[in-house]
Every structure is written in C-alpha cells, then in structure tokens.
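Breakdown of the fold
Listed here are the chains, written in short residue letters.
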Amino acid sequence: MLYCFKKDDGVNDTADKICTVYENGATTITIIRNWFKRFRTGNFDLKDEERLLQPPSSNGYGSYQNHTH
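For clarity, every value in this text was computed on a predicted model and none was experimentally measured. (Residues numbered from 1 in each chain as written. Predicted model: local features only at pLDDT ≥ 70, side-chain atom pairs only at ≥ 80, totals over all residues. Heavy atoms only, no water.)

**Considerations on the packing of aromatic side chains**
On inspection of all chains with the given rule, the structure shows six aromatic pairs. Between Phe5 and Phe36, the aromatic rings sit 5.3 Å apart at their centres with planes inclined by 70°, giving edge-to-face as the arrangement. You can see Phe5 sitting in helix α1 (residues 2-6) and its partner Phe36 sitting in helix α3 (residues 29-40), a full 31 residues away along the chain. Neither residue differs from the other here; Phe5 and Phe36 are each classed as buried. Geometrically, the ring pair formed by Phe39 and Phe44 is stacked, given 5.8 Å between the ring centres and 15° between the ring planes. A relative accessible area of 39% places Phe44 in the partly exposed class. Three or more aromatic residues joined by ring pairs make a cluster, and in this case those are Phe5, Trp35, Phe36, Phe39 and Phe44. (Phe/Tyr/Trp six-rings, centres within 6.5 Å; stacked < 30°, edge-to-face > 60°. Helix = DSSP H or I, 4+ residues; strand = E, 2+ residues; numbered from the N terminus. Buried < 20%, exposed > 50% of the residue type's maximum accessible area, 1.4 Å probe, protein only.)

**What to know about the pattern of salt bridges**
Where charged atoms from two side chains of opposite charge come close, those side chains can pair. Taken as a whole, this structure holds two salt bridges when the rule is applied. When the shortest N-O distance is used, the salt bridge between Asp9 and Lys17 registers 2.6 Å. According to the relative accessible area criterion, Lys17 is partly exposed, its value standing at 36%. One network of salt bridges, with partners in common, ties together Lys7, Asp9 and Lys17. (Salt bridge = Lys/Arg side-chain N within 4 Å of Asp/Glu carboxyl O.)

**So, the side chain of Asp9**
Tracing the backbone shows Asp9 in the loop between α1 and α2 (11-21). What makes Asp9 buried here is its relative accessible area of 16%. At a separation of 2.6 Å, a polar atom in the side chain of Asp9 contacts the side chain of Lys17. The residues contacting Asp9, other than those within four sequence positions of it, are Cys4, Thr14, Lys17 and Phe36. (Polar contact = N/O pair within 3.5 Å; in protein donor to acceptor, adjacent residues only side chain to side chain. Contact = heavy atoms within 4.5 Å.)

And the structure:
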C-alpha cells in the first residue's frame, strides 16, 4: 500500500492491484482508505495501531457484555 500511495495511485487502483496479486477479498477499500489517511498525516509506521475494543467474542457481545441476570 505504501508503494502505491507514493506512486499516487488511487484507493480503488490499489485495491485492484492487491487483490490481483493475493486474491479477491485480500483487503477492502475501507482498509486502504484508513492506511492512506495515515500516510497523508505523515505516519508511515507500518504496524497496525492498537485497537481500543477487543474483537467480538463468539457470543457476539465482545468485551462489553451486559452481566445483569
């Protein structure tokens, strides 16, 4: 993605290139937009940022499950 960003490729072109090399569904437009947004602010750190919320658990409630009974 950084390579495409520096080449001034668009988000859709970048998604097409990534999905051609890896496979359809390898990335999404939203993911690429978020990375390009980071790059435009000067943040070229390629590590994912920590997420504030944990991914949803198998029961669908994630870490904020209501524990009232």
